[in-house]
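# Residue-level structure breakdown
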Amino acid sequence: MLLRMGPFVPEDLNVVILFHFGPDEGHQCDMAEFDWYINGKFHAFLNFNNGSTVEEVTQGPFNMDLAQYLNKDLCSPFEFSFVCKSGDGSHCHEGAAFDFTWSTGNKKTWYISTSNPTKFTMCELSSALSDPP
C-alpha cells in the first residue's frame, strides 16, 4: 500500500465501475444513450433507456486500472464526460449514478452530470475506502 500525506490510496488502482439508472435515481425515459469518455478517450457506449420497462438499468461492470489516466500526482484530476447519442443528441436524460468499487471491496456511489464533464481525483475517490466493503 502507498502511504502519503492526505487520503489513503492503495498502490493497486484497479477499480470496478458500475453505472445504474432507474426510478430510485429519478430516471424513466428512452433518451439515455451515451458515449462515455475518460480524459477525452472513448471508453464505452451506455444505454440506460427504461421508458417502457420502468426498471433499473445497469451498464458494466467495467474493470479499470485508473493508473493509466493519472500523471505522477495521485491528486491530479481526470475527467468523465458523456456525449448524448439519443435522438438528435440534444435532449438526453441529465445525470448518472455509478458505484465505484476499489479492489479492497470498499464501494461508494457517485452522482454526476451527463451534460457537463465531471472531474475526479484519486484523492477524492479514495474517500470510498473509508466506507465498509
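Attention in this report is confined to the structure presented alongside it. Keep in mind the model is a prediction, meaning the values are calculated, not measured.

### Things to note about the overall build of the protein
Check the secondary structure of the protein and you find one helix and eight strands. The order of helices and strands in the protein, counted from the N terminus, is β-β-β-β-β-β-β-β-α. Expressed as a percentage of its 133 residues, the buried residues of the protein come to 43%. Across the protein, the fraction of contacts at a sequence separation of at least 24, relative to all contacts at a separation of at least 6, is 64%. In the structure as shown, the protein presents an accessible area of about 7,000 Å², 52% of it carried by carbon and sulfur atoms.

### So, the nonpolar core
With 30 residues, the main nonpolar core has F19, W36, L66 and F100 as its most contacted residues. Secondary structure elements with two or more residues in this core: β1 (14–21), β2 (33–38), β3 (41–47), β4 (57–65), β5 (77–84), β6 (96–102), β7 (107–112) and α1 (122–125). For W36, the contacting residues outside a window of four places in its chain are I17, F19, K41, F42, H43, A44, L46, F62, M64, F80, S81 and F82.

### Digging into the sheet that holds β5
Spatial ordering of the open sheet is given by β3-β2-β5-β8, a layout of four strands whose pairing is antiparallel. Looking at the sheet topology across the chains shown, the edges are occupied by β3 and β8 (118–121). Neighbour-to-neighbour, the strand axes of this sheet turn through a mean angle of 25°, independent of strand direction. Direction of pairing for β5 relative to β8: antiparallel, over a ladder of four bridges. Bridging from a neighbouring strand, P77 pairs with T121 of β8.

### Section: the environment of T114
Along the chain, T114 falls in the loop between β7 and β8. Once the C-alpha coordinates of T114 and E94 are considered, the two residues, 20 residues apart in sequence, prove to be 5.5 Å apart. At 2.9 Å, the side chain of T114 forms a polar contact with the backbone nitrogen of G95.

### Focus on the environment of Y37
Relative to the assigned elements, Y37 resides in strand β2. Between the C-alpha atoms of Y37 and F80, which are 43 residues apart in sequence, the distance is 5.8 Å. Beyond its immediate sequence surroundings of up to four residues, Y37 is in contact with F42, H43, E79, F80, S81 and V83.

### Describing the sheet that holds β6
Ordered in space as β4-β1-β6-β7, the four strands form an open sheet in which the pairing is antiparallel. Both outer strands of the open sheet, β4 and β7, are each paired with one neighbouring strand and no more. Strand-to-strand twist across the sheet, computed as the mean angle between neighbouring axes with direction ignored, equals 20°. Bridge count between β6 and β7: six bridges; the pairing is antiparallel. Counterpart to D99 in the pairing with β7 is T109.

### Examining the packing of aromatic side chains
Overall, the coordinates contain 17 aromatic pairs when judged by the stated rule. Each ring, one from F19 and one from F82, has its centre 6.0 Å from the other, and the planes form 85°; the classification is edge-to-face. Pair noted here: F19 is in strand β1 and F82 is in strand β5, with a separation of 63 residues, a long-range link. With respect to burial, F19 and F82 carry one shared label: buried. Among the aromatic residues, those joined into a ring-pair cluster are F19, F21, F34, W36, F48, F62, F78, F80, F82, F98, W110 and F120. Positioned above the aromatic ring of W110 is the side chain of K108, whose terminal nitrogen or guanidinium carbon lies 5.6 Å from the ring centre.

Criteria and thresholds
Residues numbered from 1 in each chain as written. Predicted model: local features only at pLDDT ≥ 70, side-chain atom pairs only at ≥ 80, totals over all residues. Heavy atoms only, no water. Helix = DSSP H or I, 4+ residues; strand = E, 2+ residues; numbered from the N terminus. Buried < 20%, exposed > 50% of the residue type's maximum accessible area, 1.4 Å probe, protein only. Contact = heavy atoms within 4.5 Å. Areas by Shrake-Rupley, 256 points an atom, 1.4 Å probe, with all protein chains shown as cover. Core = buried A, V, L, I, M, F, W, Y, C linked by side-chain atoms within 4.5 Å. Pairing = 2+ DSSP bridges. Axes fitted to C-alpha atoms, helices over the stretch in contact; angles between N-to-C directions. Polar contact = N/O pair within 3.5 Å; in protein donor to acceptor, adjacent residues only side chain to side chain. Phe/Tyr/Trp six-rings, centres within 6.5 Å; stacked < 30°, edge-to-face > 60°. Lys NZ or Arg CZ within 6 Å of the ring centre and 35° of its normal.

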